[in-house]
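Structural overview for review
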Number of protein chains: 4
Amino acid sequence: MTIKVTVWGENVHEQTNDVVARIYPEGMHACIADGLNEDPQIEARAVTLQDPEQGLPEALLDDTDVLLWWGHAAHGDVHDETVDRVQARVLQGMGLLVLHSAHYSRIFKRLMGTTCSLKWREAGERERLWVINPGHPIVQGLGSYLELPHSEMYGEPFAVPNPDEVIFISAFEGGEVFRSGLTYKRGNGKIFYFGPGHETYPIYYDDQVRRVLKNGVKWACPEGSRWIDNCPNVPPEQAPNPVEVKGEGLHKPGEEGFR
Amino acid sequence: MTIKVTVWGENVHEQTNDVVARIYPEGMHACIADGLNEDPQIEARAVTLQDPEQGLPEALLDDTDVLLWWGHAAHGDVHDETVDRVQARVLQGMGLLVLHSAHYSRIFKRLMGTTCSLKWREAGERERLWVINPGHPIVQGLGSYLELPHSEMYGEPFAVPNPDEVIFISAFEGGEVFRSGLTYKRGNGKIFYFGPGHETYPIYYDDQVRRVLKNGVKWACPEGSRWIDNCPNVPPEQAPNPVEVKGEGLHKPGEEGFR
Amino acid sequence: MTIKVTVWGENVHEQTNDVVARIYPEGMHACIADGLNEDPQIEARAVTLQDPEQGLPEALLDDTDVLLWWGHAAHGDVHDETVDRVQARVLQGMGLLVLHSAHYSRIFKRLMGTTCSLKWREAGERERLWVINPGHPIVQGLGSYLELPHSEMYGEPFAVPNPDEVIFISAFEGGEVFRSGLTYKRGNGKIFYFGPGHETYPIYYDDQVRRVLKNGVKWACPEGSRWIDNCPNVPPEQAPNPVEVKGEGLHKPGEEGFR
Amino acid sequence: MTIKVTVWGENVHEQTNDVVARIYPEGMHACIADGLNEDPQIEARAVTLQDPEQGLPEALLDDTDVLLWWGHAAHGDVHDETVDRVQARVLQGMGLLVLHSAHYSRIFKRLMGTTCSLKWREAGERERLWVINPGHPIVQGLGSYLELPHSEMYGEPFAVPNPDEVIFISAFEGGEVFRSGLTYKRGNGKIFYFGPGHETYPIYYDDQVRRVLKNGVKWACPEGSRWIDNCPNVPPEQAPNPVEVKGEGLHKPGEEGFR
């Protein structure tokens, strides 16, 4: 079966920064989608912040198995409604890949519940991403580490909840380390944070980075069913054991709960 | 040393509902604080939504080791600024006890990243909270279960992230079950969700419930130091290994990162 | 693709107890395998403790995607070598379903690192297994709970490490509760503990129980690659950065480490 | 109150290797205990493999709040009974600090359920242990990293279950990385694995390493009560709800369960 993927790009620096425009003339989102589409099982389309409904209307999310998110300069421009829609779909089971500076995206902070801050340095230094579990689906096709000649340093402390699994730990030329591959499950959605991807380096053209993203998309694919949770009242007559109402109450029969 | 505790109460039904006003004439928050103050190690004060800065000014939070939160009808009235302040303090290490219907409070949903929904029934039925780990500090002084003659049914699915530990599982007269005691760590803050506490029953007068809250406060007490995270830039000359800047960049030296 | 499943049965009470022999004339392992083979994607065979190499020779394990384990009276008869082989395969990625009284099997205690004890009562009472996450693949096809008219009570405290996810919580007629569906990952192996299955009741003929086992097998199927870990020495000349040997050492070049 | 600490040392290389004997003339265990005893709150004694009952009789374990374990060449000489006693006490709440090559100790493998293997190189290279959570009690008094001029390289993959928290990540001169500070809870025991400590370097004389061990001991101190789990039968008449025995059974009333 085909995995339907949507790549969301902020698409700001591509328009405003010469370096980024030169490296990613079609936009980073298009480059990331091209990389994914090298895999016949994956059908990836790219959308941007500037599209109607910020690129993520309900119908598109309903038709998306895995969403990739890249943002940096315009996190604050993403509307509450957009964050709400994406969060709901992740909790329903849509996979989410959070890329590089999207550690500070509203959707990632929303799902993590922490600040998601880190240390950083933009010096084009070497990054090596060490594989923590060689048997994990996300690292298939890699050696014991993945090396990038030029990368932005992201360093610990990375203020996120303890992950379900650490997939990569990066060592930078300057000496810092960073948990650069982390997995989480929230609701029924699988989330993969992947560190590399600074816009002034051609990282999303790298074959091994593309391999990680393809593997990540397959790993994050929904399983089970799309469960939409709510807060149902269970009247006494529907309880598995007989219940006779006792004491005084707040709600009239059939009344909705507070939110 | 004394543990400084703040009990936050929404204080709405005490003013608008005769049943609640009769059971908690001074307000639920005052009753909860009274229970905690039975312990000489604990110094608890009560504040409410109607107080200046919604009861939680910066200075009070700075002086609080553990915060208890009870809300139900007015979750939506809590301002972003209040939620931001409380979240920041929890991440810095302040303990948080989330009580009953506060499963739907903005601060709990913010810290969990999920909907926090559940099933419910208001029938005054019996609830038994089974102890999952008899050695845990939060359950000291209890037997194998804690029984409440009249309680509101809260049932699974409880849409929260997998907890660090399950402390209680409740069995209700009607047959439903609920993970009614859960612990989490977010940043350096310890979080304890405790299920019982519907306002139309005198639950916060129960000696065993009070015991759990006292134990919970001691368990959630800050340890380590109050770390305020941020997103610092580490200039090349401050890297532990020599770094020579390569490639092109986005930021000028000393420039702040995007948020 | 076909999922290759091996059902391991202790096969003791079927030979020594009239009740069990009457309910499971071919043995519990055969009944469990029959249920799995209802699914065309699954190819299940049954083996027993009395078979050569206790039913689990290396070659069979290498050809097994998911292993189911049922034992009760003869845990102590399982050899170290058998436990070692199964543990190694689980860490390499083979799925493992641990059934009922196998909470006390040597392989489960080995993988958990705890006593795995619980409370129990054999009274043929009703058990209801509540679904904790309706979207999870293991519970697909079930309603909000699965009910068994006659079951053995297993109750908390269940002395296991905190699971990755709680799939079921059982409520028993007698009032006790139990985390009767738990998932873990150890190495690359997915582990699912499932509570019901006492040998004096026809539980493995129940359609919903069979559904859970089929779902569990599919969920536990290996992903990624079969990684066999070891403890390799990395000589200085193979380090990614140049390393000049300093100070005094314990090992001669190329020497193996201690175990 | 005073924290009672026992430092267990294998005490083999101190007797057989000139380098180790010169650096640790009284034995590594004595040096580690000396470092802990710098703190007036801690009362540390040292025992060794060669002592009666391998240094860990029941009475000593009962009188121990936190146990530190250093072993390397003689893991295989530790008896089942010794491992059983220590595991039982950890599950009851005793803290355990597992040092360096004790990643391969029988007690650590027993508690983890995995192989606990890693990569290694003995080249006396520099190790930097980066602090992952500056607010955590174990890292109080440290800067953003702890540097050792000469250390043995331990590298990923480190085959352990996902920890409750990563406290340190090491970066080695040769380029490898390692999760060198990990915490776990098993039963009621808090476990802290700490990576540095190769016997041919004077690591346990380092003030910052000693600080980590003192902090670790305080963090791992038992809380709650010492709960000894077992597998009790709950007869029908002791169930909270009335239970009438139905169906056929395996056990006669009052009979013990199988183990």
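Each chain carries its own residue numbering, running from 1 in the written order of its sequence. Chain letters start at A and ligand numbers start at 1, both assigned in the order the entries are written. Selection of residues for local features in this predicted model requires a pLDDT of at least 70, selection of side-chain atom pairs for listing and counting requires 80 or more, and totals for whole chains, interfaces and linings are taken over all residues. The side-chain figures draw on all heavy atoms in the structure; neither hydrogens nor water molecules are used.

**Regarding empty space enclosed by the protein**
Here a cavity denotes grid points, spaced 1 Å and computed from the protein atoms alone, that fit a 1.4 Å probe unable to get out, and a pocket denotes an open set having protein on both sides within 12 Å along at least 5 of 7 lines; residues with an atom within 4 Å of a point are the lining. Grid points are joined across faces, edges and corners, and a volume is the space filled by probe spheres set on the points. Considering all chains together, one arrives at six cavities of 30 Å³ or more under this definition. The calculated volume of the largest cavity comes to roughly 120 Å³. Of the residues assigned to the lining of the largest cavity, the class counts are six nonpolar, six polar and one charged. Lys, Arg, Asp and Glu make up the charged group, whereas Ala, Val, Leu, Ile, Met, Phe, Trp, Tyr, Cys and Pro make up the nonpolar group; the residues left over, Gly among them, are polar.

**Looking at the interface of chain D and chain C**
Pairs of residues are marked as contacts when any of their non-hydrogen atoms sit within 4.5 Å. Each side of the interface is counted separately: chain D has 69 residues, and chain C has 69 residues. In total, chain D and chain C occlude about 5400 Å² of area from one another, counting both sides; carbon and sulfur atoms represent 57% of this. For this analysis, a salt bridge means a side-chain nitrogen from Lys or Arg found within 4 Å of a carboxyl oxygen belonging to Asp or Glu. At the surface where chain D touches chain C, the tally comes to two salt bridges. Between Lys246(C) and Glu173(D) there is a salt bridge, and its shortest N-O distance comes to 2.7 Å. Under the rule applied, a polar contact is a pair of N or O atoms within 3.5 Å (in protein, one hydrogen donor and one hydrogen acceptor; residues adjacent in sequence only if both atoms are side-chain atoms). Inspection of the region where chain D meets chain C yields 20 residue pairs in polar contact (both at pLDDT 80 or more). Think of it this way: any DSSP run of H or I at least four residues long counts as a helix, any run of E at least two long counts as a strand, and we number them from the N terminus. At the level of secondary structure, the elements contributing two or more residues to the side of chain D that touches chain C comprise helix H2 (18–23), helix H5 (80–92), helix H6 (106–112), strand E5 (119–131) and strand E6 (145–155) of chain D. If you tally residues by element for the side of chain D that touches chain C, the top one is E5(D), at eight residues. Buried area: the accessible area, evaluated with a 1.4 Å probe, that two parts lose upon being put together, summed over both parts.

**A closer look at the packing of aromatic side chains**
Aromatic rings considered in pairs are described by the distance between their centres and by the relative angle of their planes. Any two of the Phe, Tyr and Trp rings considered here, Trp counted by its six-membered ring, make a pair once their centres fall within 6.5 Å; the pair's planes then place it as stacked at under 30 degrees, edge-to-face at over 60, or tilted in between. A full pass over the atoms with the stated rule returns 40 aromatic pairs over all chains. Relative to Tyr193(B), the ring of Phe158(B) lies with its centre 5.3 Å away and its plane at 55°, an arrangement referred to as tilted. In this pair, Phe158(B) sits in the loop between strand E6 (145–155) and strand E7 (165–172) while Tyr193(B) sits in strand E9 (residues 189–194), placing the two residues 35 residues apart along the sequence. Here the aromatic cluster, defined as three or more aromatic residues joined through ring pairs, consists of Phe108(A), Tyr154(A), Phe158(A), Phe178(A) and Tyr193(A). Put simply, a charge is over a ring when the Lys NZ or the Arg CZ is close to the ring centre, within 6 Å, and near the line of the ring normal, within 35 degrees. Across from the ring centre of Tyr145(B), 5.6 Å away, lies the NZ or CZ of Arg128(B), which sits over that ring. In this structure, Lys190(B) is placed above the aromatic ring of Trp219(B), and the distance from its NZ or CZ to the ring centre is 5.6 Å.

**Side note on the packing of helix H3 (residues 28–37) of chain A against helix H7 (residues 207–220) of chain A**
Residues and elements named next belong to chain A. Viewed as axis vectors pointing N to C, H3 and H7 meet at an angle of 70°, and their least axial separation amounts to 9 Å. Here H3 is positioned roughly perpendicular relative to H7, judged by the angle of their axes. Contacts between H3 and H7 involve Cys-31, Ile-32, Asp-34, Gly-35 and Leu-36 on the former and, on the latter, Arg-210, Leu-213, Lys-214 and Val-217. In terms of residue class, the contact of H3 with H7 is made up of five nonpolar, one polar and three charged. In this analysis, axes come from line fits to C-alpha atoms, helices being fitted only over the stretch in contact, and the angle between any two N-to-C directions falls in the range 0 to 180 degrees. An angle below 35 degrees is treated as roughly parallel, one above 145 as roughly antiparallel, one from 65 to 115 as roughly perpendicular, and anything else as oblique.

**What about the environment of Val19(B)?**
Mapped onto the elements of the fold, Val19(B) is located in helix H2 (residues 18–23). Buried residues are those whose accessible area, probed at 1.4 Å on protein chains only, stays under 20% of the maximum for their type, while exposed residues exceed 50% and partly exposed ones sit between those limits. Given the relative accessible area of 10%, Val19(B) is considered buried. Distance from Val19(B) to Glu199(B), taken between C-alpha atoms, is 8.5 Å for residues 180 residues apart in sequence. Not counting residues within four places of it along the chain, the set of residues in contact with Val19(B) comprises Glu248(A) and Thr200(B).

**Quick look at the UniProt feature "domain: ThuA-like" (unreviewed entry) in chain A**
When the UniProt feature table is mapped onto this chain, "domain: ThuA-like" (unreviewed entry) is found at residues 4–220 of chain A. Span residues 4–220 of chain A is 27% helix and 33% strand, its end C-alpha atoms 12 Å apart. UniProt positions are given in the numbering used here, feature names are shortened, and annotations may be inferred rather than shown by experiment.

**Some words on the relation of the copies chain C and chain B**
For the least-squares superposition of copies, only C-alpha atoms count, and only for residues with pLDDT at least 70 in both. Between the two copies, chain C and chain B, the superposition gives an RMSD of 0.0 Å; the rotation angle is 180° and the shift along the axis is 0.0 Å. Both chain copies can therefore be described as sitting about a two-fold axis. Taking the C-alpha atom as reference, chain C places Ala171(C) closest to the rotation axis, 3.4 Å from it. Interface residue correspondence from chain C to chain B reaches 100%, placing this contact among same-surface, isologous pairings.

**Examining the interface of chain C and chain B**
Interfaces are often sized by the accessible area lost when the parts come together. Contacts between the two partners involve 20 residues from chain C and, on the opposite side, 20 residues from chain B. Summed over both sides, the interface between chain C and chain B buries roughly 1600 Å², with carbon and sulfur atoms accounting for 66% of that surface. Inspection of the region where chain C meets chain B yields zero salt bridges. On inspection of chain C and its partner chain B, the count reaches six residue pairs in polar contact (both at pLDDT 80 or more). Of all the elements in the fold, those that place two or more residues in the side of chain C that touches chain B are strand E5 (119–131), strand E7 (165–172) and strand E8 (177–186) of chain C. Looking at the side of chain C that touches chain B residue by residue, the classes come out as ten nonpolar, three polar and seven charged.

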